[in-house]
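Residues per chain are reported as follows:
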Amino acid sequence: MIPPTLLTAMRAARHIVVFTGAGVSAESGIPTFRDTLTGLWERFDAASLATPQAFLQDPELVWGWYEWRRMKAVQAQPNPAHLAIAALARHVPKLTVVTQNVDDLHERAGSAGVIHLHGSLHKPHCFDCGRQPAKALGMPLEPEGGRRLEPPRCKHCDGRLRPGVVWFGESLPSDAMHAAFAAAQNCDVLLSIGTSGVVYPAAEVPILAWESGAVVVHINPHAVAHGEEREYTLAGAAGEQVPALVQQAFAD
Ligand code: BV8
Ligand code: ZN
């Protein structure tokens, strides 16, 4: 049951921020960072593979992992949570989507101006000179269990291409980070969907919103309620909770 005070806050909001993590794409078949890795990578944890050190040590293993994940993202479809977030933009004066995810399911659901704090699987660049390849990568066709894959070479300096994501120990794109922080400090409601909130500085976004007086809503089957005022928890799957919230708040 969605609290009436939350529905009122949604209807009165001038600006809503939607902050998402891996959980919003789980129902589209994309594993979260909590899910143990499978196949070639089953003996690794995601955080250890998502580092420049891992790429330098074994570029084929890491590039293979990201091509497998890009394949999963290409094969996946936006789920009812992504679609409800896109629809929400039509009901409120201003909506800002901020994501930690490197897939493009928000955009494919119709969300515009999505702020990617941790980059994208679809924007590789050269590890050495930083340049992007002239043409986009082809369709990824990886075996289910994954495989080692030699990264393509840069046409300019012959360096190795790397995934266009932010690895642990690397700083976030400053324009994206500043836009996300500004939106959090300027919103009336922030929906925090499918995130464990352990990776920084991204995890500061919902905290900044709460500290700036906004209502914060955690949507997560394992939601962590801090029991503060102006804080709500919708304990359940994003694919059910987000459409229900939007429908009940803005049903004609
Ligand atoms: C940096 C891209 C600065 C790559 C990613 C302060 C304190 C402590 C540590 C630090 C700190 N500041 C910095 C650090 C270090 C580090 C960090 O935060 N470490 C953590 C682990 C403690 N941060 C960094 O390294 C950052 N960079 O600080 O640079 C710097 C630089 C140079 C010099 C000096 C300083 C960079 C961090 C970014 C790393 N890249 N992704 C890739 O994807 O491969 S992070 C990656 O992991 C994701 O993007 C995301 O951010 C995170 C995973 O978290 P979630 O998305 O929340 O997913 P998770 O699986 O954890 O949870 C899923 C949730 O969904 C669960 O709660 C589950 O219950 C829920 N769920 C499941 N199913 C559903 C659901 N919810 C709804 N519906 C469902 N159906
Ligand atoms: Zn190069």
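Scroll up to find the structure this text is about.
Residues numbered from 1 in each chain as written. Chains lettered and ligands numbered in written order. Predicted model: local features only at pLDDT ≥ 70, side-chain atom pairs only at ≥ 80, totals over all residues. Heavy atoms only, no water.

*Asks:* Which residues make up the site of ligand 1, and what values do they have?
*Replies:* Surrounding ligand 1, one finds 33 residues, the nearest of these being Tyr 66, Arg 69, Val 166, Thr 195 and Ser 196. The side chain of Arg 69 places a nitrogen or oxygen atom 2.6 Å from an oxygen atom of ligand 1. Gly 169 is positioned such that a nitrogen or oxygen atom in its backbone is 2.7 Å from an oxygen atom of ligand 1. When ligand 1 sits alone it has 1,500 Å² of accessible area, and the protein chains cover 72% of it. Only α2 (23-26) and α5 (59-75) provide two or more residues apiece to the shell around ligand 1. Looking at side-chain class alone, the shell around ligand 1 contains 17 nonpolar, 12 polar and four charged residues. When residues of the shell around ligand 1 are assigned to domains, at least three map to each of domain 1 (1-29 + 77-118 + 171-252) and domain 2 (31-75 + 124-165). (Near = heavy atom within 4 Å. Polar contact = N/O pair within 3.5 Å; in protein donor to acceptor, adjacent residues only side chain to side chain. Areas by Shrake-Rupley, 256 points an atom, 1.4 Å probe, with all protein chains shown as cover. Helix = DSSP H or I, 4+ residues; strand = E, 2+ residues; numbered from the N terminus. Nonpolar A, V, L, I, M, F, W, Y, C, P; charged D, E, K, R; others polar. Domains from an automatic or database assignment.)

*Asks:* Explain the coordination of the zinc ion (ligand 2) to me, using residue names and the numbers behind them.
*Replies:* Tetrahedral coordination by four donors puts the ideal angle at the metal at 109.5 degrees, and octahedral coordination by six puts it at 90 or 180 degrees. For the zinc ion (ligand 2), the full set of protein donor atoms is Cys 126 (SG), Cys 129 (SG), Cys 154 (SG) and Cys 157 (SG), at a range of 2.2 to 2.4 Å. Ordering the donors of the zinc ion (ligand 2) by residue number gives the pattern C-x2-C-x24-C-x2-C. Here Cys 154 lies in the loop between β4 (125-126) and β5 (161-162) and Cys 129 lies in the loop between β4 and β5, a separation of 25 residues in the sequence. (Donors = N, O, S within 2.8 Å, 3.2 Å for Na, K, Ca; no water.)

*Asks:* Tell me about empty space enclosed by the protein, residues and numbers included.
*Replies:* Enumeration according to the criterion identifies one cavity of 30 Å³ or more in this entry. As a volume, the largest cavity reaches approximately 50 Å³. As for the largest cavity, its lining consists of Trp 63, Tyr 66, Glu 67, Arg 70, Leu 121, Pro 124, Leu 137 and Pro 163. The residue makeup of the lining of the largest cavity, split by class, is six nonpolar, no polar and two charged. (1 Å grid on protein atoms, 1.4 Å probe; cavity = no way out; pocket = protein on both sides within 12 Å on 5 of 7 lines; lining within 4 Å. Points joined across faces, edges and corners; volume = space filled by probe spheres on them.)

*Asks:* Now, about the environment of Val 165: what can you tell me, with residues and values included?
*Replies:* With respect to the secondary-structure elements, Val 165 resides in the loop between β5 and α8 (174-185). Along the sequence, Val 165 and Gly 119 sit 46 residues apart, while their C-alpha atoms lie 4.2 Å from each other.

*Asks:* Pulling in residues and values, what's your account of the pattern of salt bridges?
*Replies:* Here the structure, examined in full by the defined rule, presents 10 salt bridges. Measuring nitrogen to oxygen at the nearest pair gives 2.9 Å for the salt bridge that ties Asp 58 to Arg 148. In this pair, Asp 58 sits in the loop between α4 (52-57) and α5 while Arg 148 sits in the loop between β4 and β5, placing the two residues 90 residues apart along the sequence. Note on Arg 148: relative accessible area 42%, which makes it partly exposed. Note that Asp 104 and Arg 108 form a salt bridge whose closest N and O atoms lie 3.2 Å from each other. Of the residues examined, Arg 108 reaches a relative accessible area of 33% and is grouped as partly exposed. Several salt bridges share partner residues, and in doing so they unite Asp 58, Glu 60 and Arg 148 into one network. (Salt bridge = Lys/Arg side-chain N within 4 Å of Asp/Glu carboxyl O. Buried < 20%, exposed > 50% of the residue type's maximum accessible area, 1.4 Å probe, protein only.)

Note that every value here comes from positions in space, so none of it alone points to a role or purpose.
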